[in-house]
Amino acid sequence: METWVLITVAAAFLQNVRSAMQKHLKGVMGTTGATFVRFGFGLPFALFYLVVLWRGAGHPLPVPNATFFLWAVIGGLAQIAATFLLVHLFSFRNFAVGTAYSRTEPAQAALFGLIFLGEKASQGTLVAIAISVVGVMLISVARTTLSPRSLVTSVFSRTAAIGLMSGTFFGLSAVSYRSASLALAPSLPAPDYMMQASFTLGFVILLQTVVMLAWIVVREPEELQRIGAAWRPAFVVGFVGASASFGWFMAMTLQQAAIVKVVAQVEMLFTFASSFFVFREWINRLELLGCLLIVLGVVMLIIL
């Protein structure tokens, strides 16, 4: 099995852990604060990984150029926008539909990869992406009471538009991170996916921390006290989140962002495994079908 696949699966598992812990934080602080800890408390670990590679393992530091800064800034801001839109969906009654559309991220990443990087996907890859996207969308609406008629109507709803835009920004951020990381390669003696990914992650998470901290100070200063009071679990979230992000960045340096994002859908399988084995929650038929489609899409990509 290729290195990027193993890295992606590990990153998906860590992201599942981070998401579960962020839900806990959401109970003691606002949405902005719970989102900030992902970046702010992850920054020290991202920089630590960079220093270990540089000083500990002897990997040379890349020299950033204008192309790197452009894509890194676009990716960092796009990810913040995507996250806010996704969280905003939960304020709507039929948020499940919007969430389902946000899961079109791999398909949109494939489109952005073609537009900005000229990365073409084979027919088999496109079919695998479509299958996995349908699977995730099925899971997203599996526990709703939507009828076929209301589901069709909801396609043109505000929540669907917000969800689709969230997926657009997530797809754009993934391709941007890959572009930024690849832009560092010419400044190195030889391609070094670990250092390229670590350097890109360090810059991006620093940017996101500064932007979000400025927002909180200006718009929600009371959130700082809540964040400080929950620093212990936030510290763990930062560690797990930074580790997962390091994995994503390495995988997307080695492979097209769209393909990585499809394999990353195994996170849903980890979520269901936790629900079934830990919380003893049963999975309905639609969720099971969605899981099978995700597995089918991932397997197709791996064997293609």
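These numbers come from a predicted model, not from an experiment. (Residues numbered from 1 in each chain as written. Predicted model: local features only at pLDDT ≥ 70, side-chain atom pairs only at ≥ 80, totals over all residues. Heavy atoms only, no water.)

Enquirer: How do you make sense of the side chain of Ser198 when you look at a structure like this?
Expert: Tracing the sequence through the fold places Ser198 in helix α10 (residues 193–219). Other than its neighbours up to four places away in sequence, Ser198 contacts Ala46, Tyr49, Leu50, Leu53 and Phe246. (Helix = DSSP H or I, 4+ residues; strand = E, 2+ residues; numbered from the N terminus. Contact = heavy atoms within 4.5 Å.)

Enquirer: What should I look at first to understand the packing of helix α6 (residues 105–117) against helix α9 (residues 158–183) in this one?
Expert: Each packed pair of helices is defined by two parameters, the angle between the axes and the distance between the axes. Where α6 contacts α9, the two axes come as close as 8 Å, and the packing angle between them is 45°. One way to sum up the angle between α6 and α9 is to call them oblique. For the pair α6 and α9, the sense of crossing is right-handed. Packed against α6, whose contacting residues are Glu105, Gln108, Ala109, Phe112, Gly113, Phe116 and Leu117, the element α9 presents Leu164, Gly167, Thr168, Phe170, Gly171, Leu172, Val175, Arg178 and Ser179 at the interface. Looking at the contact of α6 with α9 residue by residue, the class counts come to eight nonpolar, six polar and two charged. (Axes fitted to C-alpha atoms, helices over the stretch in contact; angles between N-to-C directions. Parallel < 35°, antiparallel > 145°, perpendicular 65-115°, else oblique. Left-handed = near helix turned anticlockwise from the far one by under 90°. Nonpolar A, V, L, I, M, F, W, Y, C, P; charged D, E, K, R; others polar.)

Enquirer: In this structure, what is going on with the pattern of salt bridges? I would like to understand it.
Expert: When the charged atoms of two side chains lie near each other, side chains of opposite charge can form a pair. Tallying each qualifying case throughout the model produces two salt bridges. One salt bridge connects Glu119 with Arg178, and the closest N-O pair in it is separated by 2.6 Å. Placement of the pair is Glu119 in the loop between α6 and α7 (123–141) and Arg178 in helix α9, with a sequence separation of 59 residues. Of the two residues, Glu119 and Arg178, neither departs from the other in class, the shared state being buried. Linking Arg226 and Glu223 is a salt bridge whose minimum nitrogen-to-oxygen distance equals 2.4 Å. Taken as a pair, Arg226 and Glu223 lie in helix α11 (residues 222–229) at a separation of three residues, close to a single helical turn. (Salt bridge = Lys/Arg side-chain N within 4 Å of Asp/Glu carboxyl O. Buried < 20%, exposed > 50% of the residue type's maximum accessible area, 1.4 Å probe, protein only.)

Enquirer: Honestly, the side chain of Thr8 in this entry has me stumped. Any pointers?
Expert: Examined against the element boundaries, Thr8 turns out to sit in helix α1 (residues 3–26). A polar contact is formed between the side chain of Thr8 and the backbone oxygen of Trp4, at a distance of 2.7 Å. (Polar contact = N/O pair within 3.5 Å; in protein donor to acceptor, adjacent residues only side chain to side chain.)

Enquirer: I keep staring at helix α15 (residues 285–303) and nothing clicks. Help me out?
Expert: For the α-helix, the turn length of 3.6 residues means that residues three or four positions removed from each other point alike. Compared with an ideal rise of 1.5 Å per residue, which puts 19 residues at 27 Å, α15 spans 27 Å between its outermost C-alpha atoms and is within 8% of the ideal. Among all positions in α15, only Glu287, Gly290, Cys291, Ile294, Gly297, Val298, Met300 and Leu301 are buried. (Expected span 1.5 Å × (residues − 1).)

Enquirer: What is the right way to look at the UniProt feature "transmembrane region" (unreviewed entry) in the protein chain in this model?
Expert: Per the UniProt record, the feature "transmembrane region" (unreviewed entry) sits at residues 35–56, 68–90, 124–143, 155–177, 197–218, 230–251, 257–279 and 286–303. With 91% helix and 0% strand, residues 35–56 has its two end C-alpha atoms placed 31 Å apart. Helix makes up 100% of residues 197–218 and strand 0%, whereas the separation of the span's terminal C-alpha atoms amounts to 32 Å. (UniProt positions renumbered as here; feature names shortened; annotations may be inferred.)

Enquirer: Is there a simple way to think about a nonpolar patch on the surface in this case?
Expert: Taken together, the side chains of Leu111, Leu114, Ile115, Phe116 and Leu117 present a nonpolar region at the surface, about 440 Å² in accessible area. Of note, Leu117 is situated in helix α6. Judged by relative accessible area, Leu117 falls into the partly exposed class, the value being 31%. (Patch = residues over 30% accessible without salt bridge, like charges linked within 9 Å, V, L, I, M, F, W, Y side chains within 5 Å. Areas by Shrake-Rupley, 256 points an atom, 1.4 Å probe, with all protein chains shown as cover.)

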